[in-house]
Amino acid sequence: MRCEIIAVGSELLTPSRLDTNSLYLTDRLNELGIAVRVKAVVGDDQADLAAVFSAALDRADLIVLTGGLGPTSDDLTRETVSQVLGRPLAESAQIVAALERRFAARGLRMPAINRKQALVPGGARVLDNPNGTAPGLWIDHEHRVVVLLPGPPRELKPIVETFVLPTLSTLTGGARLYRKMLKIAGRPESMVEEVTEPVYSKWADESPPIVTTILAAPGQVELHLVMVAVDGSAAEARLTAAASALETVLEGDVFSTDGRTLEEVVGDLLRESRLSVAVAESCTGGLVVSKLTDVPGSSNYVERGIVAYSNRAKVEMLDVPEHLIATYGAVSESVAAAMAEGVRTRAKTGVGMGITGIAGPGGGSPEKPVGTVAIAVSVGEETSTRTFRFPGSRDMVKSQAAQAALDLVRRRLLAIR
Ligand code: ATP
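Calculation notes
Residues numbered from 1 in each chain as written. Predicted model: local features only at pLDDT ≥ 70, side-chain atom pairs only at ≥ 80, totals over all residues. Heavy atoms only, no water. Bend = angle between axes of the 7 residues up to and from the residue. Helix = DSSP H or I, 4+ residues; strand = E, 2+ residues; numbered from the N terminus. Contact = heavy atoms within 4.5 Å. Phe/Tyr/Trp six-rings, centres within 6.5 Å; stacked < 30°, edge-to-face > 60°. Buried < 20%, exposed > 50% of the residue type's maximum accessible area, 1.4 Å probe, protein only. Lys NZ or Arg CZ within 6 Å of the ring centre and 35° of its normal. 1 Å grid on protein atoms, 1.4 Å probe; cavity = no way out; pocket = protein on both sides within 12 Å on 5 of 7 lines; lining within 4 Å. Points joined across faces, edges and corners; volume = space filled by probe spheres on them. Nonpolar A, V, L, I, M, F, W, Y, C, P; charged D, E, K, R; others polar. Near = heavy atom within 4 Å. Polar contact = N/O pair within 3.5 Å; in protein donor to acceptor, adjacent residues only side chain to side chain. Areas by Shrake-Rupley, 256 points an atom, 1.4 Å probe, with all protein chains shown as cover. Sits in = over half its atoms within 2 Å of the grid points. Axes fitted to C-alpha atoms, helices over the stretch in contact; angles between N-to-C directions. Parallel < 35°, antiparallel > 145°, perpendicular 65-115°, else oblique. Left-handed = near helix turned anticlockwise from the far one by under 90°. Pairing = 2+ DSSP bridges.

1. Remarks on helix H5 (residues 153-171)
Of all the bends in H5, the greatest, near 50°, is centred on Val160. Packed against the buried residues of H5 are helix H1 (21-31), strand E3 (62-66), strand E6 (125-127), strand E7 (136-141) and strand E8 (144-149). A positive phi of about 70° marks Gly173, the residue just after H5.

Put into structure tokens, the structure is as follows:
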């Protein structure tokens with residue numbers, strides 16, 4: 001089923017109001033396997049709305065319009081839809097009575113302009129709106145479905161949940177959307193694409209197809225696998241097989257296929273290994289330990305985090321030898337290793353981490369440009385170190401460094417299992 005959403009309201013074309021209805025609708029329609037192909041925001045102008053709605057009618061099986069069902073003269077959705085479809089409006093006595101009851105319950109007389117909300121295009125079904133005066137409307141029109149919904153989200157959502165989705169679900173034969181997400185660290189988007197495209201491209205031609213999308217975020221890449229099917233267990237089995245085929249070509253770079261974040265995965269590995277962690281951070285300013293402690297129950301394995309920003313702090317709080325800083329510079333693998341070992345020794349933990357780098361925008365040099373970050377992980381007898389060059393702003397360097405540090409710990413913990 002091909003769907004289009006039209007949000008009506010001039011306020012949605014200003015910077016002060018966002019069309020959130022279409023986001024909610026897209027999410028709920030996708031769950032039923034209905035793809036939203038086009039969405040539009042139109043001001044309170046009858047000619048513009050007629051043009052956008054007519055174009056949607058030519059393309060879509062399902063058109064959902066939100067807003068513009070109110071009683072005032074700028075609310076034009078009902079009138080425009082009736083005109084374009086050639087279904088004249090007629091007053092519904094049932095809606096008039098409901099409106100009058102609604103006003104009477106608040107001790108008010110119904111203003112005459114509200115009668116407009118009782119107008120219904122020929123053949124439309126009225127969808128009760130318990131939270132407002134404008135009812136929704138469902139119109140079956142020449143093998144298409146047109147749905148009109150009130151604009152306020154608290155009025156729209158109950159109508160969608162109680163009527164629109166169950167009815168659409170019957171029309172689509174109970175199909176649903178199934179998804180699987182692989183989260184990848186340590187490999188940029190283009191290199192993920194290079195190895196996975198030959199694997200996933202053939203799934204697009206299978207029946208039903210699996211649609212694969214790559215999304216990049218700072219420090220991680222996500223592969224989203226999506227399929228629409230009626231048989232849920234068959235869909236899950238196909239997605240699981242697809243995910244494991246991708247895991248194979250991505251080697252150890254996939255850290256999660258079940259929605260867990262990197263900090264959750266690291267937390268689970270620490271718990272399984274019965275190890276606690278202490279983190280010494282310079283350029284990330286506490287971000288690594290903040291992420292680790294975002295996970296409920298992290299007090300079981302996070303011992304402490306030290307932000308040692310200055311050289312003096314690295315020496316005083318982590319016992320980093322001054323000569324290392326003098327010889328190699330504060331941003332170096334030697335200092336990162338000394339930070340990881342220093343914090344680990346002082347905290348008496350199984351794992352120590354050290355992160356030192358240049359987040360920018362100033363402070364770079366030809367040998368160590370902005371984005372240079374040295375990370376060390378100390379586990380067992382060994383301290384491993386790596387130097388990264390991250391692109392982007394100060395924020396991006398910090399978040400990529402935190403992800404890379406967590407990923408290095410993950411890899412070390414997997415290696416000692
Ligand atoms: P009412 O009977 O309340 O006037 P309506 O269908 O005419 O309902 P609008 O007047 O278009 O709705 O919008 C009322 C309010 O609902 C807007 O000011 C806005 O706060 C909210 N709203 C409308 N459309 C959207 C949208 N697409 N996304 C989020 N909020 C919306």
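That covers the picture; the talk isn't over yet.
2. A closer look at the packing of aromatic side chains
Scanning the model with the defined rule gives two aromatic pairs in all. Between Trp138 and Phe163, the ring centres sit 5.7 Å apart and the planes meet at 85°, which makes this aromatic pair edge-to-face. Note that Trp138 is positioned in strand E7 and Phe163 in helix H5, a separation of 25 residues in sequence. With relative accessibility at 24%, the residue Phe163 sits in the partly exposed group. Considering the side-chain rings of Phe388 and Phe390, the 5.1 Å spacing of their centres and the 10° angle between planes classify their relative orientation as stacked. In this pair, the class of Phe388 matches that of Phe390, namely buried. In this arrangement the basic side chain of Lys157 is found over the ring face of Tyr24, its NZ or CZ atom lying 5.1 Å from the centre.

3. Here's the deal with empty space enclosed by the protein
Taken as a whole and judged by the stated rule, the model has one cavity of 30 Å³ or more. Taken as a whole, the largest cavity encloses approximately 30 Å³ of empty space. Taken together, Leu25, Leu29, Val64, Val147, Leu149, Val160 and Val164 form the lining of the largest cavity. Mapped onto the lining of the largest cavity, the elements with two or more residues apiece are H1, E8 and H5. Among the residues making up the lining of the largest cavity, the classes are represented as seven nonpolar, no polar and no charged.

4. Remarks on the site of the ligand
Around the ligand sit 22 residues, and of these Arg17, Asp19, Gly68, Gly70 and Gly151 come closest. Asp75 is positioned such that a nitrogen or oxygen atom in its side chain is 3.2 Å from an oxygen atom of the ligand. Interatomic distance of 2.9 Å between a backbone N/O atom of Gly151 and an oxygen atom of the ligand. Contact with the protein chains covers 80% of the free accessible surface of the ligand, which is 610 Å². A molecule is said to occupy a pocket when more than half its atoms come within 2 Å of that pocket's grid points, and by this definition the ligand occupies the second largest pocket. Among the elements of the structure, strand E1 (2-8) and H5 are those that each provide at least two residues to the shell around the ligand.

5. Some thoughts on the packing of helix H2 (residues 46-59) against helix H3 (residues 77-85)
The interhelical angle for the contact between H2 and H3, taken along N-to-C directions, is 50°, at an axis separation of 10 Å. The orientation of H2 with respect to H3, classified from their angle, is oblique. Along this stretch, H2 crosses H3, giving a crossing that reads as right-handed. Between H2 and H3, the contacting residues are Gln46, Leu49, Ala50, Phe53, Ser54 and Leu57 on the first element and Thr77, Glu79, Thr80, Val81, Gln83, Val84 and Leu85 on the second. When the residues that make up the contact of H2 with H3 are grouped by side-chain class, the tally is seven nonpolar, five polar and one charged.

6. Considering the packing of helix H8 (residues 262-273) against helix H13 (residues 394-415)
Running from amino to carboxyl end, H8 crosses H13 at an angle of 30°, the nearest separation of the two axes being 10 Å. Regarding the angle of H8 to H13, the classification is roughly parallel. As H8 packs across H13, the resulting crossing turns out to be left-handed. Here Leu262, Glu263, Val265, Val266, Leu269, Leu270 and Ser273 of H8 come into contact with H13, specifically with Gln403, Leu406, Asp407, Val409, Arg410, Leu413 and Leu414. Here the contact of H8 with H13 is built from residues that sort into nine nonpolar, two polar and three charged.

7. Brief notes about the sheet that holds strand E15 (residues 351-357)
What the five strands build is an open sheet, ordered E14-E13-E15-E16-E17; its pairing is mixed. Edge strands, defined here as strands with exactly one partner in the open sheet, are strand E14 (302-307) and strand E17 (382-389). Between one strand and the next, the sheet's axes are offset by a mean angle of 10°, whatever the strand orientation. Across eight bridges, the pairing between strand E16 (residues 372-379) and E17 is antiparallel. Residue pairing in the sheet places Val373 in a bridge with Phe388 of E17. Helix-sheet contacts for H13 involve E15, E16 and E17, and the interaxial angle to E16 is about 25°.

8. Regarding the layout of surface pockets
Here the largest pocket defines a volume of roughly 570 Å³. Taken together, 25 residues make up the lining of the largest pocket; nearest its centre are Gly186, Arg187, Gly219, Phe390 and Gln400. Contributions of two or more residues to the lining of the largest pocket are made by strand E10 (211-217), strand E11 (220-229), E17 and H13. Broken down by element, the lining of the largest pocket gets its largest block of residues, seven residues, from H13. Counted by class, the lining of the largest pocket contains 13 nonpolar, five polar and seven charged residues. Quantified by volume, the second largest pocket comes out at close to 400 Å³. Val8, Glu11, Gly67, Gly151 and Pro152 are, among the 26 residues lining the second largest pocket, the residues nearest its centre.

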